[in-house]
Amino acid sequence: MEGSEGRESFCPPVAVAPPVIELDAEPERVDQPKRTVMSRPGNGTSGRGIALLANHLKVSVKCPDEIFYQYSVSITCDEKRDVNIKRIGRKIIDKIHETYSSEFAGKKFAYDGEKSLYTVGPLPRNKVEFTVVVEESSAKHASESPSDNGSNNHSSKRSKHSLHSKAFLVEINFAAKIPLKSISLALQGADAENVQDALRVLDIILRQQAANRGCLLVKQSFFHDDSRNFTDVGGGVMGCKGLHSSFRPTLDGLTLNMDVSTTMILSPGPVIDFLLTNQNVKEPRYIDWARAKRMLKNLRVKAKHSNKEFKIVGLSERPCNQQLFSMKVKNGDGPDNGGETIEITVYEYFTKHRNIELSNSAYMPCLDVGKPKRPNYLPLELCYLVSLQRYTKALSSVQRASLVEKSRQKPRERIKVITEAVRDYSYDDDPLLATCGVSIEKQLIQFNGRVLEAPKLKVGNGEEVVPRNGRWNFNNKHLLTPARIERWAVVNFSARCDTSHLSRELISCGRTKGIHFERPHTLIEEDPQNRRAGPVIRVEKMFEEIIARLPGPPDFLLCVLPERKNSEIYGPWKKKSLTDLGIVTQCISPLRINDQYLTNVLLKINAKLGGTNSLLAMEHASYLPHIQDTPTMILGMDVSHGSPGQSDIPSIAAVVGSLYWPLISKYRAVVRSQSPKLEIIESLYKPLPNGDDEGIMGELLLDFYRTCNGHKPAQIIVFRDGVSESQFSQVLNLELDQMIKAYKHLGEGDIPKFTLIVAQKNHHTKLFQASAPENVPPGTVVDTNIVHPRNNDFFMCAHAGMIGTTRPAHYHVLLDEIGFSPDVLQNLIHSLSYVYQRSTTATSIVAPVRYAHLAAQQFAQFVKFEDLSETSSGHGSVKSIGSTSVTELPRLHMNVSDSMFFC
């Protein structure tokens, strides 16, 4: 602090606002991919055998020479404007069957819900045009009534306005032929041109079946309107269980992958009950109506008095008993009596003119279900939310925990649900599938897998640990290289935590693990007067107190937060400590303090301070096949995107790189912001006008060189998370080209050999033991039967599934210039699931990917971006958003840039 003698300064220079990067240039495009996905070199043999089931069902195709004909569908209305085909498209398709059955000779269509029709064999003509008249319900103008009542006891003058007709011009044009034979060619290992199109048509047929049953469709999943499938997670939100189905080409032939799926929906029922639950209030008078308006907009409701459906466009400006509208009334019964127009409230209209009792609506706003210039009001208590309306916003931590708890299914339960669904839905009866001779077996596919042996671990005092069932512990054991913590402090934002007791227990536990812990220099409690301030101010005030009390920068700060998850303090605290001051911190919010909890906290602290909790025994002995003799760098890459409804939040790319070769357990992270929703990393190589490279890869290469005694990586193993199969080519070419350019930029001529592996967890394949009810054991690997017929992929369950059904990681080896054998590569990947320094369990996916995910998430939480938007965006794309301004992330302080801050 200024003016303080005898103190070391740890105040940074005046912070400069991070620059704004203009992303005008798109990532380099590759017209013809230079690299293609490698084929399978063979199968692994190591490990003991195990009999398995997978949630795949064999599919046979008796007519493989059939051809699907694709027709584009264009629909315009008589106003000559485009129409939302998703809203009225199915009605029009029904009209096609109904009106033009002779024209189309009884053809059956598969409809994708958007702009394509598919049929087996061609239509009589390549182009067909016709007009379809569709009756639609319409809300009445407010001058006639505040709602579209349509009740039988009302005048014909009112009811005749409840329906009107629209003429739609439908144009069907031939688009393409999609041969079913492409699937059989792909199953033989050929790179068939139309295989994805043919599989998509089969998937569309199943989607159409589900749509005809009234299901909610979400990609390849469908959800029935059955309350037995609903799970309340709080806040007026429910989890809805359904089924996922997709056809997959495998080594065993074509299969149907069926799995239990869950989507989030709004709780159906009275609107007022939903609002009370959503805002967690007990009475309507406490409802925040501005928030309610945002929540209700565009939702569908059914009016109790008319049984008609409407879309909410807003709320009335006044309460029901004050909201006026104009209504014509007659003064007498004479034929020449035109009547007069009176002003009447919505409340009076329904209670006196409709004789509907309203007990709760008088002092609440009405729902507006009309149009912008033609409002149409309904009292709240007459409206019910329609079922199966998706909730697409991010869940709170409490909702997420509730969903996980209530959605768990043991392996045998999941098998039962899947097999019963296949039996009940009678897919074989579909006329289009029958035309192709497609039949689906009713039992899950069975095959043999392997279980790899868990690697031994080296801990302190020369001891070795053998994990059991994917787990180990540090009971009566030291960490391999414990840190020394001499100058540290505890800061407390939580009024309920006894920090004196906490610090004593932490020191005691740490010493049993070999960590040299001095007593904390000070315990700092937050001033109660600051708790009403915003989180940034609270953090600033706390750091003023820290600087005033400590003689210099601490080795470490333990921060006690008031909430266990999603604390508003967390972001500002991490940003201040890691980017402004360069202080390692650990945030906690203990519910109870015991040895297990404190050990987990100490594992994170030790890793952040440069210590090592454990190493692979073969890593410690410098015996790693293909790695110990050749300088090898391991990368983990991930991109984090904004939550649903945050389309303008920049995506965050994180890459972690290994240090201190031949070790494979120590990493550091580099994080950059990029265009929103962009999955392909665009800043691996970033040349500047002055000739420097500011990209991620160059920074990690220099760190490797610095920590490996001047060795340059001759081999680089890349683990890429978060990309789909459609993006494999971009990863192989766009991202790998950037990495090579970054290496060349350092003046190196010899390019390292690359092995590029995509790690996926977002898939629907599950593995089960064939002869036991438990989850598959840790180390289970499958590279036969259900894997791709050509590509080099495999499934691995490295972790122990203690709850629910284990989801294996799906690894795709896109490129292997290093030349790993299947056994060596699978054992390496298995071993990399045991080097995660934050825990004493094997991870479900390799540690470098987990670290990259953590680094991206942490930066996403502690950086506040400008220009937040509530509008939704589409899924990730390989296209950069031209002329989009993205605020650059603040860089880590030099004091912590090499630390595993993400642990």
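Residues numbered from 1 in each chain as written. Predicted model: local features only at pLDDT ≥ 70, side-chain atom pairs only at ≥ 80, totals over all residues. Heavy atoms only, no water.

Undergrad: Residue-level account of the overall build of the protein chain, with values.
TA: If you tally the helices and strands in the protein chain, you get 19 helices and 43 strands. Split into buried and exposed, the 903 residues of the protein chain put 54% on the buried side. Of the contacts formed within the protein chain by residues at least 6 apart in sequence, a portion of 74% connects residues at least 24 apart. Accessible surface, the protein chain as shown: approximately 41100 Å² in total, 46% of it carbon and sulfur. (Helix = DSSP H or I, 4+ residues; strand = E, 2+ residues; numbered from the N terminus. Buried < 20%, exposed > 50% of the residue type's maximum accessible area, 1.4 Å probe, protein only. Contact = heavy atoms within 4.5 Å. Areas by Shrake-Rupley, 256 points an atom, 1.4 Å probe, with all protein chains shown as cover.)

Undergrad: Talk me through the pattern of salt bridges; I want residue IDs and the actual numbers.
TA: Any two side chains of opposite charge can pair, so long as their charged atoms come close to each other. Summed over the entire model, instances satisfying the criterion amount to 31 salt bridges. Taking the shortest distance from any N to any O, the salt bridge between Arg549 and Glu545 comes out at 3.0 Å. Taken together, the residues Arg549 and Glu545, both in helix 12 (residues 535–549) and four residues apart, mark about one turn of the helix. On the basis of relative accessible area, Arg549 is assigned to the partly exposed category, the value being 35%. Exposure remark for Glu545: the relative accessible area of 32% places this residue in the partly exposed category. (Salt bridge = Lys/Arg side-chain N within 4 Å of Asp/Glu carboxyl O.)

Undergrad: Please give an account of the side chain of Asp259 that cites residues and values.
TA: With respect to the element layout, Asp259 can be found in strand 13 (residues 253–266). Polar side-chain contacts of Asp259 include one of 2.8 Å to the side chain of Lys766. Apart from residues no more than four positions distant in its own chain, Asp259 is found in contact with Asn55, Gly242, Leu243, His244, Arg414, Ile418, His764 and Lys766. (Polar contact = N/O pair within 3.5 Å; in protein donor to acceptor, adjacent residues only side chain to side chain.)

Undergrad: Account for helix 8 (residues 397–407), naming residues and giving values.
TA: Regarding helix 8, the residues found buried are Gln399, Ser402, Leu403 and Ser407. Projected down its long axis, helix 8 carries its buried residues within an arc of 110°, all on one side. On the buried face of helix 8, the contacting elements are strand 11 (230–234), strand 12 (237–250) and strand 13. (Arc of directions from axis to C-beta.)

Undergrad: Account for the pairing of strand 15 (residues 300–303), with residues named and values stated.
TA: Burial along strand 15 is one-sided: the residues Val301 and Ala303 are buried and none of Arg300 and Lys302 is. Here strand 15 runs beside strand 16 (residues 309–311); their pairing, made up of three bridges, is antiparallel. Residue pairing for strand 16: Lys302 is matched across the bridge by Glu309. Taking the residues that link successive antiparallel strands as the turn, the strand 15-strand 16 hairpin has five residues, and the phi of Asn307 there is positive, at about 60°. Bridge count for strand 15 against strand 22 (residues 383–385) is three bridges, and the pairing is antiparallel. Within strand 22, the residue paired with Lys302 across the bridge is Tyr384. (Pairing = 2+ DSSP bridges.)

Undergrad: So, the sheet that holds strand 28 (residues 488–492): which residues are in play, and what are the values?
TA: The four strands are arranged 30-28-31-32 in an open sheet whose pairing can be described as parallel. Each having just a single partner strand, strand 30 (522–525) and strand 32 (585–588) make up the two edges of the open sheet. The mean angle between the axes of side-by-side strands here comes to 15°, regardless of whether they run parallel or antiparallel. Along the sheet face, helix 11 (residues 499–512) touches strand 28, strand 30, strand 31 (556–560) and strand 32 and points at about 140° away from the line of strand 28. Against the sheet, helix 13 (residues 570–581) engages strand 28, strand 31 and strand 32, with an angle of about 170° to strand 32. (Axes fitted to C-alpha atoms, helices over the stretch in contact; angles between N-to-C directions.)

Undergrad: Give a description of unusual backbone geometry that names residues and reports values.
TA: The omega torsion across Trp661 and Pro662 is 15°, close enough to zero to call that bond cis. When you line up the elements, Pro662 lands in the loop between strand 35 (651–658) and strand 36 (667–674). One non-glycine residue, Lys219, lies in the positive phi region at around 55°. We note that Asn298 has phi near 75°; this positive angle belongs to a residue other than glycine.

Undergrad: Tell me about the packing of helix 16 (residues 696–707) against helix 17 (residues 728–745), residues and numbers included.
TA: With their axes 8 Å apart at the nearest point, helix 16 and helix 17 run at an angle of 55° to one another. By the angle between their axes, helix 16 is oblique relative to helix 17. The handedness of the crossing between helix 16 and helix 17 is right-handed. Across the interface between the two elements, Met697, Gly698 and Leu701 of helix 16 pack against Met739, Ala742 and Tyr743 of helix 17. Looking at side-chain class alone, the contact of helix 16 with helix 17 contains five nonpolar, one polar and no charged residues. (Parallel < 35°, antiparallel > 145°, perpendicular 65-115°, else oblique. Left-handed = near helix turned anticlockwise from the far one by under 90°. Nonpolar A, V, L, I, M, F, W, Y, C, P; charged D, E, K, R; others polar.)

Undergrad: Which residues make up the packing of helix 11 against helix 14 (residues 595–608), and what values do they have?
TA: For the pair helix 11 and helix 14, interaxial distance at closest approach is 10 Å and the crossing angle is 75°. Here helix 11 is positioned roughly perpendicular relative to helix 14, judged by the angle of their axes. Here Leu502, Glu505, Leu506, Cys509 and Gly510 of helix 11 come into contact with helix 14, specifically with Asp595, Leu598, Thr599, Val601, Leu602 and Ile605. In terms of residue class, the contact of helix 11 with helix 14 is made up of seven nonpolar, two polar and two charged.

Undergrad: I'd love a proper account of helix 7 (residues 346–353), names of residues and values included.
TA: Here helix 7 has its buried residues at Val346, Tyr349 and Phe350. Buried residues in helix 7, looked at end-on, bunch into an arc of 90°, giving them a common side. Once helix 7 finishes, Asn355 follows within two positions and takes phi at roughly 55°, a positive value.

Undergrad: Go over the state of the cysteines with me, naming the residues and quoting the values.
TA: One pass over the structure, following the stated rule, counts zero disulfides. Free of any disulfide, Cys320 has its nearest neighbouring cysteine sulfur in Cys366, separated by 3.7 Å. Free of any disulfide, Cys383 has its nearest neighbouring cysteine sulfur in Cys366, separated by 9.1 Å. (Disulfide = S-S within 2.5 Å.)

Undergrad: Could you give an account of the packing of aromatic side chains, with specific residues and numbers?
TA: In total, this model carries 16 aromatic pairs according to the counting rule given. Ring plane angle 70° and centroid distance 5.8 Å describe the contact between Phe859 and Phe901, whose orientation is recorded as edge-to-face. Taken as a pair, Phe859 in helix 19 (residues 847–862) and Phe901 in the segment after strand 43 (884–887) lie far apart in primary sequence, 42 residues in all. There is no split in this pair, since Phe859 and Phe901 are both buried. Ring-pair connections join several aromatic residues into one group, and the members of that group are Tyr667, Tyr836, Tyr851, Phe859, Phe901 and Phe902. The side chain of Arg213 reaches across the aromatic face of Tyr425, ending 4.3 Å from its centre. Taking the ring centre of Tyr836 as reference, the NZ or CZ of Arg850 above it sits at 4.8 Å. (Phe/Tyr/Trp six-rings, centres within 6.5 Å; stacked < 30°, edge-to-face > 60°. Lys NZ or Arg CZ within 6 Å of the ring centre and 35° of its normal.)

Undergrad: Got a sec to walk through the nonpolar core? Specific residues and values, please.
TA: Counting residues in each nonpolar core, the largest one holds 113 residues, and the members touching the most others are Tyr811, Tyr851 and Phe902. At nine residues, the largest contribution of residues to this core is made by helix 17. Apart from the residues lying within four places of it in its own chain, the contact partners of Tyr811 are Ile757, Val758, Ala759, Asn792, Asp793, Phe794, Met796, Ile829, Ser844, Ile845 and Val846. In terms of nonpolar packing, the next biggest core, distinct from the first, is built from 42 residues, Val120, Ile204, Ile418 and Val438 among them. (Core = buried A, V, L, I, M, F, W, Y, C linked by side-chain atoms within 4.5 Å.)

Undergrad: Which residues make up the pairing of strand 41 (residues 792–797), and what are the values?
TA: Of all six residues making up strand 41, six are buried, and the element is well covered by its neighbours. Every second residue of strand 41 is oriented toward a common face, with Asn792, Phe794 and Met796 on one face and Asp793, Phe795 and Cys797 on the other, all of them buried. Across three bridges, strand 40 (residues 780–782) lies against strand 41 in antiparallel orientation. Residue Val781 lies in a different strand from strand 41, and its bridge partner there is Met796. Both strand 41 and strand 42 (residues 809–816) contribute to a ladder of five bridges, which runs antiparallel. Paired with Phe795 across the bridge in strand 42 is His810.

Undergrad: Describe the confidence of the model for the protein chain, and please don't skip the residues or the numbers.
TA: Scored by pLDDT, the protein chain comes out at a mean of 85, with 85% of its residues at no less than 70. Contacts from residues 1–28, a stretch scored under 50 in pLDDT, to residues over four places away or in other chains number 54 contacts. With pLDDT under 50 throughout, residues 138–144 is counted as low confidence; its partners more than four residues away or in other chains account for 26 contacts. (pLDDT = per-residue confidence, 0-100.)

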